[in-house]
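# Tertiary structure, described
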Amino acid sequence: MSTELPASGEHGEKAEPFDVLDPNAARFELVKEALRRDGIEILHYEPRFPVPGTKEEKRIVRTISFFFVLSGLAALGFIVAYIWWPWEYEFGGADTWSKWYTPVLGALLGIALGGIGIGILTWSKKLFPVEELVQERHDGASDPVERRLTGATLANIGDETGIARRPMLKRALLFGAAPLGLAALMPIGGLIKDPGDALFTTGFDAEKFNGGKPVRLMREDGTLVRPEDVSVGGQITVFPAIPGGATLKHADSPTLLIHLREPDGAEARANAYEMNRGSQWQNFIAYSKICTHVGCPASLYEQQTNRLLCPCHQSQFHITDNAMPIFGPATRALPQLPIDVDEEGYFYAVSDYKVAIGPAFWEREKK
Amino acid sequence: MARFIAALAFVGATYTAFSPGIYADEPTDAALTLDAQKGKELFDQSCISCHGANAQGVDDRGPSLIGVGSAAVEFQVNTGRMPMVRQEAQAERKPPMFTPEEAAFLGAYIQAIGGGPEVPESVDLENLEGADIATGGTLFRVNCSSCHAFSTGGGALSSGKYAPSLYPASSVEIYQAMLSGPQNMPVFADNQLTPDQKRDLIAYIKYIQDDQAQGGWDLGAFGPSTEGLAIFLVGIVALAIATLWIAGKS
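Here the focus is the overall build of chain A. When its secondary structure is counted, chain A shows 7 helices and 12 strands. Taking the contacts inside chain A whose residues are at least 6 apart along the sequence as the reference set, 56% of them involve residues at least 24 apart. Entry remark: accessible area of chain A is about 23400 Å², with carbon and sulfur atoms responsible for 62%.

Applying the stated criterion to the full structure yields 1 disulfide over all chains. Note on B:Cys47: no disulfide assigned, nearest cysteine sulfur contributed by B:Cys50 at a separation of 9.0 Å.

Residues and elements named next belong to chain A. Strand β5 (residues 255–259) sits mainly inside the fold: 5 of its 5 residues count as buried. Taking every second residue as pointing to the same face, both faces of β5 are buried, with Thr255, Leu257 and His259 on one and Leu256 and Ile258 on the other. Sheet topology note: the strand β4 (residues 235–240)/β5 ladder contains 4 bridges and is antiparallel. The residue of β5 that forms the bridge with valine 238 is threonine 255. When β5 meets strand β6 (residues 284–288), the two strands line up antiparallel, connected through 5 bridges. Looking at the pairing, leucine 256 lines up with tyrosine 287 of β6.

In this section: the confidence of the model for chain B. All names here are of chain B. Looking at chain B as a whole, its pLDDT mean stands at 84, while 88% of the residues score no less than 70. Ranking the helices and strands of chain B by mean pLDDT puts helix α8 (residues 171–180) first, with 92, and helix α2 (residues 28–31) last, with 59. For the stretch residues 20–27, pLDDT sits under 50, and the model shows 1 contact to residues farther than four places along the chain or on other chains. Across the whole predicted complex the pTM is 0.69, and at the interface the ipTM reaches 0.72.

What follows covers the packing of helix α2 (residues 55–84) of chain A against helix α3 (residues 101–126) of chain A. Residue and element names in this part refer to chain A. Running from N to C, α2 and α3 cross one another at 160°; their axes reach a closest spacing of 8 Å. With respect to their mutual orientation, α2 and α3 come out roughly antiparallel. Crossing geometry of α2 relative to α3 is assigned as left-handed. When the residues that make up the contact of α2 with α3 are grouped by side-chain class, the tally is 21 nonpolar, 5 polar and 1 charged.

The next subject is the packing of aromatic side chains. According to the stated counting rule, one finds 13 aromatic pairs over all chains in the structure shown. Considering the side-chain rings of A:Phe66 and A:Phe67, the 5.5 Å spacing of their centres and the 65° angle between planes classify their relative orientation as edge-to-face. Look at B:Phe43 and B:Tyr109: their rings are 5.5 Å apart centre to centre, the planes differ by 55°, and that puts the pair in the tilted class. With B:Phe43 in helix α3 (residues 34–46) and B:Tyr109 in helix α6 (residues 100–114), this pair connects stretches of sequence that are 66 residues apart. Judged by its relative accessible area of 2%, B:Tyr109 falls in the buried class.

With that out of the way, let us pick up the nonpolar core. Formed by 23 residues in total, the largest nonpolar core has its most connected members in B:Phe140, B:Met178, B:Leu201 and B:Ile202. Those elements giving two or more residues to this core turn out to be α7 (133–148), α8 and α9 (195–210) of chain B. For this core, the leading source of residues is α9(B), giving 6 residues. The contacts of B:Met178, once residues within four sequence positions are left out, are B:Met185, B:Val187, B:Phe188, B:Ala189, B:Leu193, B:Lys198, B:Leu201 and B:Ile202. Counting 20 residues, the second largest nonpolar core, distinct from the first, contains A:Ile236, A:Ile339, A:Val341 and A:Tyr353.

Put simply, an interface is often sized by how much accessible area is lost when its parts join up. At the interface, 37 residues of chain A touch 30 residues of chain B. A combined buried area of about 2800 Å² lies between chain A and chain B, and 48% of that area is made up of carbon and sulfur atoms. For the interface between chain A and chain B, the tally reads 1 salt bridge. Across the salt bridge formed by B:Lys161 and A:Glu302, the nearest N and O atoms sit 3.4 Å from each other. Our count for the contact surface shared by chain A and chain B stands at 16 residue pairs in polar contact (both at pLDDT 80 or more). For the side of chain A that touches chain B, the elements supplying multiple residues, two or more each, are α3, β4, β7 (300–302) and β8 (307–309) of chain A. The element that contributes the greatest number of residues to the side of chain A that touches chain B is α3(A), accounting for 6 residues. Across the side of chain A that touches chain B, the residue classes break down as 12 nonpolar, 14 polar and 11 charged.

Turning our eyes to something else, we now look at the packing of helix α5 (residues 69–78) of chain B against α6(B). Residues and elements named next belong to chain B. Their axes nearest at 8 Å, the elements α5 and α6 cross at an angle of 150°. One finds that α5 runs roughly antiparallel with respect to α6. α6 is crossed by α5, and the crossing has right-handed handedness. Contacts between α5 and α6 involve Gly69, Ser70, Val73, Glu74, Val77 and Asn78 from the former and Pro100, Ala103, Ala104, Leu106, Gly107, Ile110 and Gln111 from the latter.

Residue and element names in this part refer to chain A. Overall, antiparallel pairing links the 4 strands, which are arranged β7-β8-β9-β10 in an open sheet. On the outer flanks of this sheet lie β7 and β10 (324–327), each paired with one strand and no other. With direction set aside, neighbouring strand axes in the sheet form an average angle of 30°.

All right, on to the pattern of salt bridges then. Residues and elements named next belong to chain A. The final tally for this structure, using the stated rule, is 13 salt bridges over all chains. Note that arginine 219 is salt-bridged to aspartate 229, the shortest N-O span being 3.7 Å. A residue pair is termed long-range when its members are at least 10 positions apart, and arginine 219 in the loop between β3 (217–218) and β4 and aspartate 229 in the loop between β3 and β4 qualify at 10 residues. Note on arginine 219: relative accessible area 12%, which makes it buried. It is possible to trace a salt-bridge network through shared partners that takes in Glu33, Arg36 and Arg37.

As a further point, take α3(A). The end-to-end C-alpha distance of α3(A) is 37 Å, a good match for the 38 Å that 26 residues give at a rise of 1.5 Å each. What α3(A) keeps buried is the set A:Tyr101, A:Val104, A:Leu105, A:Ala112, A:Gly115, A:Gly119, A:Thr122 and A:Lys125. Where α3(A) is buried, its residues contact α2 of chain A together with α10 (224–247) of chain B.

Take the sheet that holds β6(A) next. Residue and element names in this part refer to chain A. Read across the open sheet, the 4 strands follow the order β3-β4-β5-β6; overall the sheet is antiparallel. Of all the strands in the sheet, just β3 and β6 have a single pairing partner and so form its edges. Pairing between β3 and β4: 2 bridges, direction antiparallel. If you follow methionine 218 over to β4, its bridge partner there is phenylalanine 239.

A few words on empty space enclosed by the protein. Overall, the coordinates contain 3 cavities of 30 Å³ or more when judged by the stated rule. The wall of the largest cavity is formed by A:Arg219, A:Glu220, A:Asp221, A:Ile236, A:Thr237, B:Leu139, B:Val142, B:Asn143, B:Gln192, B:Leu193 and B:Gln197. Counting residues per element, the lining of the largest cavity draws most heavily on α7(B), which supplies 3 residues. For the lining of the largest cavity, the residue count by class is 4 nonpolar, 4 polar and 3 charged. In this model, the second largest cavity occupies a volume close to 50 Å³.

Rules of the game
- Residues numbered from 1 in each chain as written.
- Chains lettered and ligands numbered in written order.
- Predicted model: local features only at pLDDT ≥ 70, side-chain atom pairs only at ≥ 80, totals over all residues.
- Heavy atoms only, no water.
- Helix = DSSP H or I, 4+ residues; strand = E, 2+ residues; numbered from the N terminus.
- Contact = heavy atoms within 4.5 Å.
- Areas by Shrake-Rupley, 256 points an atom, 1.4 Å probe, with all protein chains shown as cover.
- Disulfide = S-S within 2.5 Å.
- Buried < 20%, exposed > 50% of the residue type's maximum accessible area, 1.4 Å probe, protein only.
- Pairing = 2+ DSSP bridges.
- pLDDT = per-residue confidence, 0-100.
- Axes fitted to C-alpha atoms, helices over the stretch in contact; angles between N-to-C directions.
- Parallel < 35°, antiparallel > 145°, perpendicular 65-115°, else oblique.
- Left-handed = near helix turned anticlockwise from the far one by under 90°.
- Nonpolar A, V, L, I, M, F, W, Y, C, P; charged D, E, K, R; others polar.
- Phe/Tyr/Trp six-rings, centres within 6.5 Å; stacked < 30°, edge-to-face > 60°.
- Core = buried A, V, L, I, M, F, W, Y, C linked by side-chain atoms within 4.5 Å.
- Buried area = accessible area lost by both parts, 1.4 Å probe.
- Salt bridge = Lys/Arg side-chain N within 4 Å of Asp/Glu carboxyl O.
- Polar contact = N/O pair within 3.5 Å; in protein donor to acceptor, adjacent residues only side chain to side chain.
- Expected span 1.5 Å × (residues − 1).
- 1 Å grid on protein atoms, 1.4 Å probe; cavity = no way out; pocket = protein on both sides within 12 Å on 5 of 7 lines; lining within 4 Å.
- Points joined across faces, edges and corners; volume = space filled by probe spheres on them.

Okay, structure coming up:
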């Protein structure tokens, strides 16, 4: 960009080039010059209200003022509500003031921000002058002159580093930078951990968690489970009766204990896979609660149709046929827990699950 | 003629003496209380076509009611699920055909002929004051929420069946449903959840239904899908209109 030097002393006339430093230049002329230097041309420009103080103009000014005042009032209301509105949770019923604390704050802040926004937008749309501007844009590639100049500059910087002439620097830089990149990858390595047999065992593993003694079944509150606790057509969620058995530490262990009707129990026994034979205790049957698809709790038990449903992706398992999937995306049966009742009358797990519970993983078949 | 009358009298007297009485082949009647007898009359008019004589069931139409107990009968009748309009995936809640009194008669009859679970007198379901809502909440999340949803609004099951919303259910109806396991609902008998635990559970259900959502309008508390759809439809439309207004030529 070449600078326009004051070429002549004349002013008041549209001189080409325009004298920017002329102390008498009108401000709008300077604005026009600024636009011109950016390649912008004014096609049309007129005030919105050529005659000031008309009814229409006053009405719009009042509207904008209204929004600003509304915003201010709402903001004041917000401050008042924030400090003095009863916010502490009160028990019961819908008719307490505290229940409206969050909605009131939200509404007032919304009105305050919205009021400012609408006011400013209305101002710029309704009061600013009507103008139409055009800015030239070049088509296609950049100017060949610009391209040549830029290319030369970049190549010159490369030459200045002298990297082509100084191979030692090049190798040293490579040695310095490459391990730095590897160092950045290290935190990912921290996420890799050998799970051991954790994926193949649950809290019902007697050797691992109970000193070799068979693990009993318990409810979430720690009480042990007896057969008479579950009525025919009923089900109950049970956990391994070990310390922390019902906590997330053993999140792989929740099991559904179902008391089938006599004919259904017989059907389940007749259908049992080799692996599941003898796993039932009378008409009680226990399946892992963790869906073999992606591990949601498959615990929607239909006691008439003997189906277990998973709520996440609508997989359905047939309880009297080894909990085989009969609908939905799950492809493997829910693992069955072999159960029995000890001499004290409590349920216990004869062994851990025979197959890994839950969704599939790469090494699942290796064991 | 005199001989004929004498013969008739003899035959009549013999018949009266030796023939079984008209009601004698239904000896249960004598054992039934007055309520149960009234229930039997209602049963024989309205229920017998599907549940069969003496409530023993009819194949492919209605199950036997022996042993289901009065809780099941009163639940089904008072919520209008029974009598069913037609055989379909699920008996729906509808305006009841019988008054609560008649339902109690039917319950007494079924109780008398087969026994079964009843709502214990000792548990106070009218006044839930003092019930442990926190315990009830834990029990609800463990036992009920998988089908009836965390908000008690219900959800879908397989093949057209569904777990109904708990909003219209009264305290006693919820108790009866847990006790009897209507349709595909599992049974939660009093040995699995004690009457006190059931009362806590009911108190919790009533509490979350009455408690106002802290965030304002909960859109039926169906969860993120409804809320996502609502904010998409309402929010995006509002934003589109706002952008059009800002960009539009005045």
